[in-house]
Amino acid sequence: MASTDRAAITGKLGTFAGVFTPSILTILGIILFLRLGYVVGVSGLAAALAIVLLANAISVLTSFSVAAVATNLKVKGGGDYYVISRTLGVGFGGAIGLVLFLAQSISIGFYAVGFGEAVAALAGLSFGGAAQFIAAAAIAVLFVLAWLGADWATRFQYIVMALIFAALASFCAGAFGVFSEATLIENWTRPGDTIPFWAAFAIFFPAVTGFTQGVSMSGDLADSGRSIPSGTFLAVGLSLVIYVGVAVLLAGTEPLAVLAGDTGAMNDVASVSVLIDAGVIAATLSSALASFMGAPRILQALAADKVFPWLNPFAAGHGTGNNPRRGVMLSGMIAFGVVALGNLNAIAAVVSMFFLVSYGLLNYATYYEARANSPSFRPSFRFYDRRISFAGGIACLGAILAIDITAGLVASAVVLAIYQYVSRRAPEVSWSDSRRSHHLRLAREHLIAAAREAPHPRDWRAQVLLFSADATRRARLIEFAEWIEGGSGLTTVITILEGSGPDMIDKRQETLTALREELSERKAMAFPLVVTAPELDTAIATAVQTAGIGPLQVNTVLANWMDGSPVILGQAALGRYGRNLRMAFRLGCNLLVLDADAREWASLSSCPANERRIDVWWRENNTSELMLLLAYLMTRHEAWDGATVRVLAATDEHDSGTARIEQIKSFLANVRIDAEAIVVEDATVDAVITHSKDSQVVFMPFSVHAGQFYGLFGETVAELLPRLQIVVMAMAAQDVDLGADPDEVIDPNTGEPAKDEAGTNPAEAAPADPSSVPAQEHLSPS
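Keep in mind that what you see is a predicted model, and the values were worked out from it rather than measured. Numbers given to residues run from 1 along each chain, matching the order in which its sequence is written. Where totals are concerned, whole chains, interfaces and linings use all residues; where local detail is concerned, this predicted model gives features only for residues with pLDDT of at least 70, and gives and counts side-chain atom pairs only at 80 or more. Note: side-chain values were computed over all heavy atoms of the structure, leaving out hydrogens and water.

### Some points on the overall build of the chain
When helices and strands are tallied, the chain shows 30 helices and 14 strands. Whether two residues are in contact is decided by their heavy atoms: any pair within 4.5 Å suffices. Excluding contacts between residues fewer than 6 apart, the proportion of contacts in the chain whose partners are at least 24 apart in sequence is 81%. Working definition of accessibility: Shrake-Rupley area with a 1.4 Å probe, residue cover restricted to the visible protein chains. For the chain, the exposed area adds up to about 33600 Å²; of that, 58% sits on carbon and sulfur atoms. Only runs of H or I of at least four residues qualify as helices and only runs of E of at least two qualify as strands under DSSP, and these elements are numbered from the N terminus.

Here it is in C-alpha cells:
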C-alpha cells in the first residue's frame with residue numbers, strides 16, 4: 001500500500017491505549033523487579049538515584065524532541081522511522097527503520113526467553129529446554145494477538161498493566177510496614193568494594209529503552225499530534241516516579257548486602273509475594289507484546305515508502321486498521337529464531353545500542369529541523385528549545401561511551417553502512433525533508449559572511465554564465481564548464497526567449513522545466529535560468545549584470561563559437577555576436593568561446609586523462625594568467641587528472657629563447673603551477689598549428705576589431721580553428737593575479753588593488769609589469 005493510501009486510513013487509538021500503555025509497559029519491565037534492587041545494593045541509594053535520574057534524563061530530553069516533532073507534523077505510520085526520514089532524509093531514515101525493526105523483533109525473543117525462565121523457575125521445571133519451550137509458547141500467543149490487530153493487543157495490555165500495578169501495590173504495602181529511616185540513612189552510600197558507577201549504569205539503562213514504543217503506534221492513533229507528546233511525557237514521568245520510589249523503599253527495608261545478593265528482594269518485602277511473581281511474568285510479556293506491535297509497523301512504513309525494493313510486499317495491510325500481518329509474521333519468525341538459538345548475549349548489547357543510536361538520531365533530527373530556521377517548523381508544543389534536543393543527542397552519545405563503547409561502535413557502523421547503501425541505491429522519494437532547509441540556512445549565513453569580507457584575488461573562482469540554445473552543443477559547454485570550475489566555481493545555464501506577450505510566461509515555464517530536466521539527466525552541477533525579453537541584446541546585458549547573488553556574481557561568460565549554429569539563442573550574424581560579447585566584456589565579465597565539434601569532443605574518450613595535453617599560448621597579461629589558471633583547474637577534474645599543461649610563448653626582440661624560458665619557469669614556480677615552458681621562434685599561424693595540432697585543448701587569446709575575430713598573431717580565427725582540435729578563445733575583463741599577496745590591500749568597492757596618493761598599492765614592492773597589455777585595448781568601439 002502506498003504512503004498516501006496508508007495515511008488515508010483513520011486510526012482509532014487514543015492517548016492512553018495507543019501511546020501511554022505500550023510505553024509504560026515497556027519501561028516497567030524485568031529490570032524493575034529483578035535488577036533495581038541489585039543496583040541499589042552495589043551502589044548505595046545516592047548513586048542508584050543518580051543512575052536512575054541520569055538514565056531517565058535521556059528519556060525526558062528525547063520526549064521533548066518527540067513532542068516538538070509530533071506537534072509540527074502529522075506522524076504517520078513508522079514512528080521513529082517516519083520522523084527521522086522526514087527530517088534527515090531517506091538515508092538515515094531507512095537505516096534507523098531497518099535496524100529498529102530488527103532490534104524490536106529480536107527483543108521479542110529476548111523478552112520471551114526471560115518470561116520462559118521466570119515461569120520455569122516458579123513451576124520448578126528443570127528439564128532441558130523448558131524455558132525455551134515456554135518462551136516459544138508465549139511467542140505463539142503474542143503472535144495471535146498481534147495478528148488480530150491493535151485493538152486485541154491493547155485489551156491484553158490492560159490485563160498486563162493491572163498485574164504490574166497490583167505487584168507494585170503489593171510491594172509498597174509491604175515496604176511501608178517495615179520501612180526504617182535508620183536503614184535508609186545507613187544505605188545512603190555503599191562503603192567498601194563495589195562495582196564501578198558506569199557498570200551499574202549499564203545494568204540499569206535498558207530499563208528506559210522502549211519509551212518510544214508508543215511512537216511506533218503512530219499510524220494507529222486518532223490524533224498523533226496530541227497523543228504522542230502527552231502519552232510519552234506521562235509514561236516517562238510516571239515511570240521515573242516509580243523507579244525512584246521503589247529504589248527508596250528498597251533502601252529503607254533491606255541492608256545493601258541483601259539487595260546486592262538477592263535479586264528477589266521485592267518478593268521478600270511484598271505483602272503478597274505471588275503478585276511480584278505475576279508482575280515479573282507480566283513485565284516480560286508486556287515488553288514482548290509492545291515490540292510485537294511496533295516492529296511490524298516500522299517494517300510496513302519502510303515498505304510503503306519503497307526504501308528497500310525487496311521489502312515492498314510488506315507494505316500491504318489488513319482490514320480497516322491496516323494491520324501489518326506480513327510484518328507480524330516476519331517478526332514472529334525472527335523471535336522464534338532467537339529462542340531456538342538460545343544464548344545471544346553477544347548481540348544483546350548491540351541490540352540495546354540500536355535503540356540508543358535511534359534516540360540520539362531522533363534528538364539530532366529535531367535539532368537539525370529547528371536549527372534550519374525553516375518557516376515550516378512551527379511546533380505547537382510551547383516548551384521546546386532546540387538546545388534541549390542538542391543536549392539529548394549529547395546525552396545519548398555519552399551513554400554509548402559509558403555503557404559499551406564496542407557495542408556502540410558496532411551499532412553505529414551498521415547504521416552508517418545501511419545509510420550508505422540506502423543513499424546510493426534508494427529511489428527518488430516523493431516527500432520532502434529538512435535537508436534543503438538546512439542547506440538554505442547555511443547558504444544564507446555563508447553568503448552574508450562572505451559579503452562582509454572585502455574581495456581579494458586569492459578568492460577568485462569561475463562563476464560562469466553559460467549561453468546556449470542548442471541542447472546538443474550545450475552538452476559540451478556544460479562539461480567544459482565543470483572542468484574549469486575545478487570543484488570551486490558555479491555555473492548558470494541560461495536560455496533567452498525573445499518576444500513579449502502573455503504567451504511568453506507559459507513558454508518560459510516550459511523551457512525552464514525542460515532545461516531543468518536536461519541538467520538533471522546529465523547530472524550537471526549547474527543551475528538553470530530562462531529569461532524572456534522583447535529584445536535579445538537587452539536581455540543579455542540584463543542577465544550579465546544580474547545573474548548571481550551577493551558575492552557570487554557572474555564573472556565569466558561562456559559560449560560556443562558560431563560555426564553556423566545558433567549561439568546565444570537563434571541565428572546571429574557575426575557582427576551581432578561580437579557586439580553581444582563586447583557588451584558582456586564591458587560589463588566586467590571574462591569571455592570564453594569554445595570551438596569543438598562533435599567528432600573532436602568524442603575523440604577525447606579514447607585518450608586517457610594522464611595522456612592528454614593542454615596548451616596555453618602566453619602573452620604575459622591578464623588573459624594569459626586567466627587561461628593558465630583555467631588550465632590548472634581542469635587538471636583538478638578527474639577527466640584531466642595527470643594531464644600535461646604546456647605554456648607556449650613567442651620570442652621577442654628583447655629576450656633570447658633561453659631567457660624567455662627561464663622567465664616563464666620562474667613565473668610558474670612563483671605561482672605554484674606545474675607546467676612545461678616552451679618558446680616558439682616563429683610567431684606565425686603555422687607555428688601555432690605545428691606545436692598545438694596534437695593537443696586536446698588549446699587556450700589562446702582573441703580580440704575583436706570591427707566585427708572580426710582575431711587570434712594570437714593577428715590572424716583571423718577562421719584560419720586557425722579548423723586546423724586545431726578543441727580551442728578555447730579567452731579574453732580577460734578582470735585582473736587575474738595568480739601570485740596574489742595576502743597582504744595586498746583591496747578596495748572593497750571595486751575589488752581592485754587600492755591606490756595610495758602616489759597611485760600605487762601600499763603592498764606592492766614594484767610597479768606593475770609595463771609589458772602587460774590591458775585586454776580592453778583589443779576592443780573596437782564598433
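From this point, the narrative continues.
### Things to note about the packing of helix H9 (residues 150-178) against helix H16 (residues 273-304)
Viewed as axis vectors pointing N to C, H9 and H16 meet at an angle of 150°, and their least axial separation amounts to 8 Å. Between H9 and H16, the crossing angle belongs to the class labelled roughly antiparallel. Both H9 and H16 take part in a crossing whose hand is left-handed. Facing H9, whose interface residues are Ala150, Ala153, Phe156, Gln157, Val160, Leu163, Ile164, Ala166, Ala167, Ser170 and Phe171, H16 presents Leu275, Ile276, Ala278, Gly279, Ala282, Ala283, Leu285, Ser286, Leu289, Ala290, Met293 and Arg297. Residues are grouped as follows: nonpolar covers Ala, Val, Leu, Ile, Met, Phe, Trp, Tyr, Cys and Pro; charged covers Asp, Glu, Lys and Arg; every other residue, Gly included, is treated as polar. Of the residues belonging to the contact of H9 with H16, the class tally is 18 nonpolar, four polar and one charged. Here the axes come from fitting lines to C-alpha atoms, over the contacting stretch only for helices, and the angles between their N-to-C directions go from 0 to 180 degrees. Any angle that is under 35 degrees is reported as roughly parallel, and any over 145 degrees as roughly antiparallel; angles of 65 to 115 degrees are reported as roughly perpendicular and all others as oblique. Two helices crossing with the near one rotated counterclockwise from the far one by less than a right angle form a left-handed crossing, whereas a clockwise rotation gives a right-handed crossing.

### Looking at the pairing of strand S8 (residues 613-618)
A regular strand places its side chains on the two faces of the sheet in alternate fashion. For every residue, the accessible area (1.4 Å probe, protein chains only) is compared with the maximum for its type, and the residue is labelled buried under 20%, exposed over 50%, or partly exposed between those bounds. With five of its six residues buried, S8 lies for the most part within the structure. Sheet topology note: the S8/strand S9 (residues 644-650) ladder contains six bridges and is parallel. Each bridged residue has a counterpart across the sheet, and for tryptophan 618 the counterpart in S9 is alanine 649. Crossover handedness is defined by viewing with both strands directed away from the observer: a clockwise path from the first strand over the helix to the second marks the crossover as right-handed. With respect to chirality, the unit in which S8 leads through helix H27 (residues 622-635) into the neighbouring parallel S9 is right-handed. Judged from the three bridges that link them, S8 and strand S11 (residues 697-701) form a sheet pairing that is parallel. Note on pairing: DSSP must find at least two bridges between two strands before they are called paired.

### Side note on helix H22 (residues 471-485)
The span you would expect from a helix comes to 1.5 Å times its residue count less one. End to end, H22 covers 21 Å across 15 residues, agreeing with the expected 21 Å (1.5 Å per residue, within 8%). In terms of burial, H22 is largely enclosed, as 11 of its 15 residues are buried. Among all positions in H22, only Arg473, Arg474, Ala475, Arg476, Leu477, Ile478, Phe480, Ala481, Trp483, Ile484 and Glu485 are buried. Looking at where H22 begins, the residue whose side-chain oxygen comes 2.9 Å from the main-chain nitrogen of threonine 472 is aspartate 470. Taken from the residues just after H22, glycine 486 is the one with a positive phi, measuring 60°. Polar contacts, as used here, are pairs of N or O atoms within 3.5 Å; protein pairs need one atom able to donate a hydrogen and one able to accept it. Residues neighboring in sequence count only if both atoms are side-chain atoms.

### So, the confidence of the model for the chain
Counting all residues, the mean pLDDT for the chain is 84, and 89% of those residues have values of 70 or more. The score called pLDDT rates the predictor's confidence residue by residue, from a low of 0 to a high of 100. For the stretch residues 565-572, pLDDT sits under 50, and the model shows 27 contacts to residues farther than four places along the chain or on other chains.

### Here's the deal with the environment of arginine 522
Structurally, the position occupied by arginine 522 is in the loop between helix H23 (503-521) and strand S3 (527-533). The partly exposed category is assigned to arginine 522, whose relative accessible area is 40%. Sequence-wise, arginine 522 and isoleucine 478 are 44 residues apart; in three dimensions their C-alpha atoms are separated by 9.2 Å. If near-sequence neighbours (up to four positions away) are discounted, arginine 522 is found in contact with Ala471, Ala475 and Ile478.

### Considerations on a nonpolar patch on the surface
A surface patch of nonpolar side chains, amounting to about 590 Å² of accessible area, comprises Phe390, Ile394, Leu397, Leu401, Ile405 and Leu409. The set of elements that each furnish at least two residues to the nonpolar patch consists of helix H19 (386-403) and helix H20 (405-425). The biggest single contributor to the nonpolar patch is H19, with four residues. You can see isoleucine 405 is positioned in helix H20. Residue isoleucine 405 is classed as partly exposed on the basis of its relative accessible area of 43%. Like-charged residues are merged into a patch within 9 Å and nonpolar side chains (Val, Leu, Ile, Met, Phe, Trp, Tyr) within 5 Å, provided each residue has over 30% relative accessible area and no salt bridge. One speaks of a salt bridge when a side-chain nitrogen belonging to Lys or Arg is within 4 Å of a carboxyl oxygen belonging to Asp or Glu.

### Some points on the sheet that holds strand S7 (residues 590-595)
Reading across the sheet, the 10 strands line up as S3-S2-S1-S6-S7-S14-S11-S8-S9-S10 and stay open at both edges, with mixed pairing between neighbours. The strands lining the two open edges of the sheet, one partner per strand, are S3 and strand S10 (676-680). Taken over all neighbouring pairs, the strand axes of this sheet differ in orientation by 25° on average, direction set aside. Both strand S1 (residues 463-467) and strand S6 (residues 556-560) contribute to a ladder of four bridges, which runs parallel. Looking at the pairing, leucine 465 lines up with valine 557 of S6. Sheet strands in contact with H22 are S1, strand S2 (490-498), S6, S7, S11 and strand S14 (726-731), and its direction is about 145° off that of S6. Sitting on the sheet, helix H24 (residues 536-546) touches S1, S2, S3 and S6, and the angle it makes with S2 is about 155°.

### Here we look at the pairing of S1
A large share of S1 lies buried, amounting to five of its five residues. Of the two faces of S1, both are covered, the one formed by Gln463, Leu465 and Phe467 as well as the one formed by Val464 and Leu466. Across five bridges, the pairing between S1 and S2 is parallel. For valine 464, the partnering residue across the bridge sits in S2 and is threonine 491. Read as a crossover between parallel neighbours, the route from S1 over H22 to S2 is right-handed.

### A closer look at the packing of helix H8 (residues 130-148) against H9
For the pair H8 and H9, the least separation of the axes is 5 Å and the interaxial angle reads 130°. Classified by the angle their axes make, H8 and H9 are oblique. Where H8 approaches H9, its residues Leu142, Leu145 and Leu148 are matched on the opposing element by Trp152, Ala153 and Phe156. A class-by-class count of the residues in the contact of H8 with H9 yields six nonpolar, no polar and no charged.

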